[in-house]
Amino acid sequence: MELKVCKFGGTSMADGNVILNAAKIVSADVSRRYVVVSAPGKRFGGDVKVTDLLIALYDAYERADRATFEKVFEKIEGRFLGIEKELGSDLKMRKTLDTVKNEVLSGAGRDYCVSRGEFLAAQIMSEILHVPFVDATEFVRFDERGILKEETYSLAARVLANYPRAVIPGFYGLGADGKVKTFSRGGGDISGAVVARGVNADLYENWTDVSGFYACDPRIVDAPKCIEELSYRELRELSYMGANVLHSDCIFPVKSAGIPIRICNTFRPEDKGTYIVPAIKRRVGDTVVTGIAGKTGFTTIGIEKSMMNAEIGFARKVLSVIEKHGVSLEHLPSGIDSMSIVIDNTFLQEKEIERIVEEIEAAVSLDRIYVHENVALIATVGHGMAKSIGTSARLFKALSEAGINVNMIDQGSSELNIIVGVDAKDCNACIRAIYHEFFN
Ligand code: ASP
């Protein structure tokens, strides 16, 4: 029989009614045997996610600000007791909440505290479905650097083999120190993928509040096309560049097992959604570009030097400066006489870029060095681009007609994407221009 893992995101767990909706989706298909849940998310614009409340709770604990701690705890309590009331059954929320509070106050740690939204949400779902709760700490393992350990998959297989059905909290596991450890934000998607791999699912259904993956952000272009099928690699490129339907790392667990992911809408379960599959056979008439995504917050350092290609060790000397600063590179496009170094601003401390430039000038002799701060990177992604002549010409013509100045270009060797760097203020206009060129 087919086996599906379903993961419900924060908006699908936000209140009693939507939780019932999610439970109905699970019960409608007997192959939906493993359920992974996020913490309750926003119920309306301006609402606060439970995970954000838990972060605020821990910050107050660390500052020893007891008044704020109590105030935030009351809000968290309000969310879970409210859900219990809406569902009209005794879910022992108060008792579990008291335990959480005592544990946090006795030093259980930040990740323990921040992960309790998922822990409580999974208990609720387990009660409603009458399906056993299995804690993620039983099989999700991280190493000392916080990286997911390979043994997680065999452990998941072994633990979950004892349960024909289970509800599992997303977002956390056990760290190398034996304490609860979380993934990065949005990591419930990775937990779902881990479970899918562990039980060797036929399909990983990711239930969210949109009907699939759009060709670009619907806040930038009105009603963009919904992508029917996307490859793992296209998804990774688009998510990494800011399309935030799924966590960009959730591909890794399912990739080697070739398990497809389906993005589905909890509020419109009949919609087809988007399938994310290992490889795509393009048909005649398919669009050349699959999707466009972009984000701001980058800095580029441009270096010019005549005959750079002839000077052995030039790039190494420049890059050692970057390495010494512990900064990781996003992109490194280069020509015969020039190179650009693209850095994510989150790695840079105040005035660090000035020090990096000075050190590069001291390390090599060059003709010109310049810095662009406030850069946005926009990725145009699609396997179809490799075989279609004139794609970059169309893209750059569209940008020039829109009056957008491109200050960096990088085309991956796989021809899966073309990345352009533009001023942050042009980010949305750039996405719009590319979308209209390829989709209208
Ligand atoms: N609740 C966590 C977050 O808000 C994880 C998740 O929802 O996947 O980031």
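Trainee: Explain the environment of Asn17 to me, please; I cannot follow it from the model alone.
Mentor: Along the chain, Asn17 falls in helix 1 (residues 16–27). The exposure class assigned to Asn17 is exposed, which follows from its relative accessible area of 57%. Residues Asn17 and Leu87, spaced 70 residues apart in sequence, show a C-alpha to C-alpha distance of 7.5 Å.

Trainee: Would you explain the layout of surface pockets in this entry?
Mentor: Rolled over the atoms, a probe with the dimensions of a water molecule shows which regions are left empty. A volume near 350 Å³ is recorded for the second largest pocket. Considering the residues around the second largest pocket, the lining is formed by 17 residues, among which Gly146, Ile147, Leu148, Phe183 and Asp249 are closest to the centre. Looking at the lining of the second largest pocket, the elements with two or more residues in it are strand 5 (180–182), helix 8 (188–198) and helix 10 (251–255). Taken together, the residues of the lining of the second largest pocket sort by class into eight nonpolar, three polar and six charged.

Trainee: Any chance you could explain the site of the ligand here in plain terms?
Mentor: In the vicinity of the ligand, the residues found are Ser38, Lys49, Thr51, Glu118, Phe171, Arg185, Gly186, Gly187 and Gly188. Note that a nitrogen atom of the ligand is positioned 2.7 Å from one of the side-chain N or O atoms of Thr51. Between an oxygen atom of the ligand and a side-chain N or O atom of Arg185, the distance comes to 2.7 Å. Isolated, the ligand exposes 270 Å² of accessible area, and the fraction of that covered by the protein chains is 91%. Partitioning the shell around the ligand into residue classes produces one nonpolar, five polar and three charged.

Trainee: Is there a simple way to explain the sheet that holds strand 15 (residues 368–381) in this structure?
Mentor: Strand pairing in a sheet relies on backbone hydrogen bonds. The paired strands run either parallel or antiparallel. Pairing within the open sheet is antiparallel, and its six strands lie in the order 13-14-12-15-17-16. Edge positions in the sheet fall to strand 13 (329–331) and strand 16 (406–411), since each of these pairs with one other strand and no more. The average undirected angle you get between the axes of adjacent strands in this sheet is 40°. Against the sheet, helix 11 (residues 314–324) touches strand 12 (291–304), strand 13 and strand 14 (338–344), its axis set at about 20° to strand 14. In this fold helix 14 (residues 427–439) packs onto strand 12, strand 15 and strand 17 (417–423), with an angle of close to 120° to the strand it touches most, strand 12.

Trainee: Could you clarify how one ought to interpret the side chain of Asn206 in this entry?
Mentor: With respect to the secondary-structure elements, Asn206 resides in strand 6 (residues 203–208). Owing to a relative accessible area of 2%, Asn206 belongs among the buried residues under this scheme. In this structure the side chain of Asn206 is engaged in a polar contact, spanning 2.9 Å, whose partner is the side chain of Asp189. Contact partners of Asn206, with chain neighbours within four places excluded, come to Lys7, Asp189, Leu246, Ile261, Arg262, Ile263 and Cys264.

Trainee: Explain the packing of aromatic side chains here, please?
Mentor: Taken as a whole, this structure holds five aromatic pairs when the rule is applied. Measuring from ring centre to ring centre gives 5.3 Å for Tyr58 and Tyr61, while their planes differ by 45°; the resulting arrangement is tilted. Taken together, the residues span about one helical turn, with Tyr58 and Tyr61 both in helix 2 (residues 50–62) at a distance of three residues. The exposure class assigned to Tyr58 is buried, which follows from its relative accessible area of 8%. Residues Tyr435 and Phe439 carry aromatic rings whose centres are separated by 4.7 Å and whose planes lie at 10° to one another, so their mutual orientation is stacked. Taken together, the positions of Tyr435 and Phe439, both in helix 14 and four residues apart, correspond to about one turn of that helix. For the pair Tyr435 and Phe439, a shared accessibility class is recorded, and that class is buried. A cation sits over an aromatic face here: Lys181 above Phe142, 5.9 Å from the ring centre.

Trainee: I tried to follow unusual backbone geometry on my own but got confused; where do I start?
Mentor: Glycine aside, a negative phi is what most residues show, and trans is what most peptide bonds show. With a phi angle near 60°, His130 is a residue other than glycine that sits in the positive phi range. With respect to the helices and strands, the residue His130 is situated in the loop between helix 6 (116–129) and helix 7 (151–160). Judged by its relative accessible area of 73%, His130 falls in the exposed class. Even without being a glycine, Met307 presents a positive backbone phi close to 60°. With respect to the secondary-structure elements, Met307 resides in the loop between strand 12 and helix 11.

Trainee: Whenever I open this one, helix 9 (residues 232–240) confuses me. Can you help?
Mentor: Quick reminder: α-helices carry 3.6 residues per turn. Residues three or four places apart thus point the same way. Here helix 9 has its buried residues at Tyr232, Glu234, Leu235, Leu238 and Ser239. One side of helix 9 holds all its buried residues, which, seen down the axis, span an arc of 160°. In this fold, the buried residues of helix 9 make contact with strand 7 (213–214), strand 9 (229–231), helix 10, strand 11 (274–277), strand 12 and strand 15.

Trainee: Mind showing me how you'd approach helix 14 here?
Mentor: Between its first and last C-alpha, helix 14 extends 18 Å over 13 residues, near the 18 Å set by a 1.5 Å rise per residue. For helix 14, the secondary structure elements touched by its buried residues are strand 12, strand 15, helix 13 (391–401) and strand 17.

Trainee: Explanation requested: the packing of helix 3 (residues 66–87) against helix 4 (residues 93–105) in the structure shown.
Mentor: Working note: a packed helix pair is described by the angle between its axes plus the distance between those axes. Where helix 3 contacts helix 4, the axes come no closer than 10 Å and their chain directions differ by 155°. Considering the angle they form, helix 3 stands roughly antiparallel to helix 4. Once helix 3 is placed against helix 4, the crossing between them reads as right-handed. Where helix 3 abuts helix 4, its residues Arg66, Phe69, Glu70, Phe73, Ile76, Glu77, Phe80, Leu81 and Glu84 lie against Met93, Arg94, Leu97, Lys101, Val104 and Leu105. Partitioning the contact of helix 3 with helix 4 into residue classes produces nine nonpolar, no polar and six charged.

Trainee: Quick question: what am I supposed to make of a negative patch on the surface here?
Mentor: Side chains of Glu354, Glu358, Glu361 and Glu373 sit close together on the surface and give a patch of like negative charge. Sort the elements by how many residues they give to the negative patch and helix 12 (residues 352–363) lands first, with three residues. By the element assignment, Glu354 lies in helix 12. Here Glu354 falls in the partly exposed class, since its relative accessible area comes to 44%.

What counts and how
- Residues numbered from 1 in each chain as written.
- Predicted model: local features only at pLDDT ≥ 70, side-chain atom pairs only at ≥ 80, totals over all residues.
- Heavy atoms only, no water.
- Helix = DSSP H or I, 4+ residues; strand = E, 2+ residues; numbered from the N terminus.
- Buried < 20%, exposed > 50% of the residue type's maximum accessible area, 1.4 Å probe, protein only.
- 1 Å grid on protein atoms, 1.4 Å probe; cavity = no way out; pocket = protein on both sides within 12 Å on 5 of 7 lines; lining within 4 Å.
- Points joined across faces, edges and corners; volume = space filled by probe spheres on them.
- Nonpolar A, V, L, I, M, F, W, Y, C, P; charged D, E, K, R; others polar.
- Near = heavy atom within 4 Å.
- Polar contact = N/O pair within 3.5 Å; in protein donor to acceptor, adjacent residues only side chain to side chain.
- Areas by Shrake-Rupley, 256 points an atom, 1.4 Å probe, with all protein chains shown as cover.
- Pairing = 2+ DSSP bridges.
- Axes fitted to C-alpha atoms, helices over the stretch in contact; angles between N-to-C directions.
- Contact = heavy atoms within 4.5 Å.
- Phe/Tyr/Trp six-rings, centres within 6.5 Å; stacked < 30°, edge-to-face > 60°.
- Lys NZ or Arg CZ within 6 Å of the ring centre and 35° of its normal.
- Arc of directions from axis to C-beta.
- Expected span 1.5 Å × (residues − 1).
- Parallel < 35°, antiparallel > 145°, perpendicular 65-115°, else oblique.
- Left-handed = near helix turned anticlockwise from the far one by under 90°.
- Patch = residues over 30% accessible without salt bridge, like charges linked within 9 Å, V, L, I, M, F, W, Y side chains within 5 Å.
- Salt bridge = Lys/Arg side-chain N within 4 Å of Asp/Glu carboxyl O.
- Lys, Arg positive; Asp, Glu negative; His and termini not counted.
- Charge placed at Lys NZ, Arg CZ, Asp CG, Glu CD.

It is worth stressing that arrangement in space is one thing and function is another; only the former is reported here.
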